[in-house]
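Analysis of the macromolecular model
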Amino acid sequence: MFAETRARKRQAKSVSSFCDLGWNPNGFAGRCQSRYHVQHADDTQFYAYGDMVKEKTAPREFLRLCIMLLKRGGKTRIICLKNRRALITTAVSVLTYDVVTNLQGIDAGILAHEDNTTTYIYNQIRHLHARVPKELRPALGRANENEMRFGAKYQEEFEDGNLGLMSRISCRTAGGHYPFSGYTLRIAHFSEGPKWQGDKARHADIQMSVLNAIPAQGPSLVIDEGTANGKNNLFYERWTRAWDKKSSPDGIDWHPFFVKWTHDPSNYLPIPKDYEWEAWPRDDQDYERSLRANHGLADEQLLFRRFKVIEACNGDPSVFAQDYPLTPQEAFISHVASVFPQRVIDQQRKHVMRPLAHYQLRLLEGTNEEDATSGKVAWRGNDLVGTPDGGPGISSRL
């Protein structure tokens, strides 16, 4: 018995990737073309997902990153800051379905920010499964309103030892207490984490319960994707740490992926004949000129921006900058309340002078707050040191 336990542990340590378990990442593109069909948002028709990805830069590059990291194995963690309608959620759903239905005993958990989104993601995966060619479609043992179990469907199959995949995909809405309690997850998907109900501590509690359901040994995939919603949330902290390449406290680093709205070729509108460009707020026209000069935006993209500012952003360009960012900084800064419009601040950044010198101050041993504030400090060359009667002071070197 103990020998078998040690053997299982050695086997678990030797399995470092889903590829070791039998998943073929090199065939993923082919399966997207021949097996998986997804509903197009524009005309509600179903198309081969491979064709859809060819047209969309963001999901194509995102999936390329996912496959590269999954081939490496271990604990794969990806955080994606996106714009609206970037189709990243769909990409994660397709990848999750592919791994779960090509391996035995793989459980995946999806957490969305509201019930409607949970239902949408679940139905998307149901439609994906239903359109797989019958001869290639894995047996669906049971399905309810939020979970699909792949495996033997009939009791006779269990009795004959034909258990099938014994894998499942479960969708939940963030907010419930320990949503995947009792599960052993290999894949976790946090959808729109910045918009989950509750405060940052609540978000951390929910995510911790999910991460605790992931085994310490063997491969795993966790994807945290969402649009920005200010800075007071767990997503912002995780994104900033990953983007600045700072190590995670738990030793598992997250790989950042940013999607700017100009990556989507559908984010443009044809220019109507005799369109009046001047019929727009003058200060925002100045900002549009900077977008042309600094980011190379075409007139068709600028017209799309104007359309969305009016249709979806209540006429506020700063809301557009949050939902359709060009840079990560723009996504988070634009949400902060300010007396001055964000576009005005951005326009003035180019006029900010670089400092002539930088200093770093540190309090030396033996210096108290009274010494530091009493004026008992003086310049000596490039150092700021204590005066002779002041003892050790504050020191800095260029």
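Our subject is the structure listed above.
Residues numbered from 1 in each chain as written. Predicted model: local features only at pLDDT ≥ 70, side-chain atom pairs only at ≥ 80, totals over all residues. Heavy atoms only, no water.

Examining the overall build of the protein
Counting its secondary structure elements, the protein contains 15 helices and 14 strands. Burial analysis of the protein (398 residues in total) assigns 45% to the buried set. Long-range pairs, those at least 24 residues apart, make up 67% of the contacts in the protein with a sequence separation of at least 6. Working note: accessible area of the protein is about 21900 Å², and carbon and sulfur atoms make up 50% of it. (Helix = DSSP H or I, 4+ residues; strand = E, 2+ residues; numbered from the N terminus. Buried < 20%, exposed > 50% of the residue type's maximum accessible area, 1.4 Å probe, protein only. Contact = heavy atoms within 4.5 Å. Areas by Shrake-Rupley, 256 points an atom, 1.4 Å probe, with all protein chains shown as cover.)

Brief notes about the sheet that holds strand β9 (residues 220-226)
Strand order in this open sheet of 8 strands is β5-β6-β7-β4-β8-β9-β3-β10, and the pairing throughout is mixed. Single-partner strands in this sheet number two, and they are β5 (140-143) and β10 (255-258). Between one strand and the next, the sheet's axes are offset by a mean angle of 15°, whatever the strand orientation. Judged from the 7 bridges that link them, strand β3 (residues 75-81) and β9 form a sheet pairing that is parallel. Paired with cysteine 80 across the bridge in β9 is glutamate 225. Contacting β3, β9 and β10, helix α4 (residues 57-72) crosses the sheet at an angle of about 165° to β3. Of the strands in this sheet, β3, β4 (107-112), β6 (147-150), β7 (167-173), β8 (187-191) and β9 are in contact with helix α5 (residues 88-100), which crosses β8 at around 165°. (Pairing = 2+ DSSP bridges. Axes fitted to C-alpha atoms, helices over the stretch in contact; angles between N-to-C directions.)

Regarding the pattern of salt bridges
Taken as a whole and judged by the stated rule, the model has 20 salt bridges. The shortest N-O distance in the salt bridge between aspartate 51 and lysine 54 comes to 3.9 Å. With a gap of 3 residues between them, aspartate 51 and lysine 54 both fall in helix α3 (residues 49-55), about one helical turn apart. Overall, aspartate 51 belongs to the partly exposed group, its relative accessible area being 34%. Note that aspartate 299 is salt-bridged to arginine 292, the shortest N-O span being 3.1 Å. When its relative accessible area of 30% is taken as the criterion, arginine 292 is described as partly exposed. Here the salt bridges share partners, and the residues they tie into one network are Asp107, Glu147, Arg149 and Arg168. (Salt bridge = Lys/Arg side-chain N within 4 Å of Asp/Glu carboxyl O.)

What about the side chain of asparagine 83?
Structurally, the position occupied by asparagine 83 is in the loop between β3 and α5. For asparagine 83, the side chain forms a polar contact with the main-chain oxygen of valine 259, separated by 3.3 Å. (Polar contact = N/O pair within 3.5 Å; in protein donor to acceptor, adjacent residues only side chain to side chain.)

Observations concerning empty space enclosed by the protein
This structure, assessed with the given rule, holds 2 cavities of 30 Å³ or more. Quantified by volume, the second largest cavity comes out at close to 40 Å³. Every residue lining the second largest cavity is listed: Lys56, Thr57, Ala58, Pro59, Asn83, Arg85, Ala86, Val259, Lys260, His263 and Asp264. Of the residues that constitute the lining of the second largest cavity, the class distribution is 4 nonpolar, 3 polar and 4 charged. (1 Å grid on protein atoms, 1.4 Å probe; cavity = no way out; pocket = protein on both sides within 12 Å on 5 of 7 lines; lining within 4 Å. Points joined across faces, edges and corners; volume = space filled by probe spheres on them. Nonpolar A, V, L, I, M, F, W, Y, C, P; charged D, E, K, R; others polar.)

Some words on the packing of aromatic side chains
According to the stated counting rule, one finds 13 aromatic pairs in the structure shown. Note on phenylalanine 62 and phenylalanine 257: the rings are 5.5 Å apart at their centroids and 70° apart in plane angle, and the pair reads as edge-to-face. One end of the pair, phenylalanine 62, is in helix α4; the other, phenylalanine 257, is in strand β10, with 195 residues separating them in the sequence. One exposure class covers both phenylalanine 62 and phenylalanine 257, and it is buried. On the numbers, 5.1 Å between centres and 20° between planes, the contact of tryptophan 239 with tryptophan 243 is stacked. Taken together, the positions of tryptophan 239 and tryptophan 243, both in helix α9 (residues 234-243) and 4 residues apart, correspond to about one turn of that helix. Among the residues examined, tryptophan 243 registers a relative accessible area of 37% and is labelled partly exposed. (Phe/Tyr/Trp six-rings, centres within 6.5 Å; stacked < 30°, edge-to-face > 60°.)

Here's the deal with the side chain of arginine 168
Looking at the secondary structure, you find arginine 168 in strand β7. The residues touching arginine 168, leaving out its near neighbours within four places in the chain, are Val100, Ile106, Asp107, Ala108, Glu147, Met148, Arg149, Phe150 and Tyr183.

Remarks on the environment of threonine 90
Looking at the element boundaries, threonine 90 is found in helix α5. Overall, threonine 90 belongs to the buried group, its relative accessible area being 9%. For threonine 90 and proline 59, which are 31 residues apart along the polypeptide, the C-alpha to C-alpha distance reads 8.3 Å. For threonine 90, the residues in contact, after removing those within four places along its chain, are Val38, Tyr49 and Gln124.

Things to note about the nonpolar core
In terms of nonpolar packing, the biggest core is built from 48 residues, with Phe18, Tyr49, Phe62 and Leu95 touching the most fellow members. Excluding anything up to four places from it in sequence, phenylalanine 62 contacts Ile78, Cys80, Ile88, Ala91, Val92, Ile223 and Phe257. Counting 24 residues, the second largest nonpolar core, distinct from the first, contains Ile79, Ile206, Trp239 and Phe332. (Core = buried A, V, L, I, M, F, W, Y, C linked by side-chain atoms within 4.5 Å.)

Function-wise, these values are silent; they only describe arrangement.
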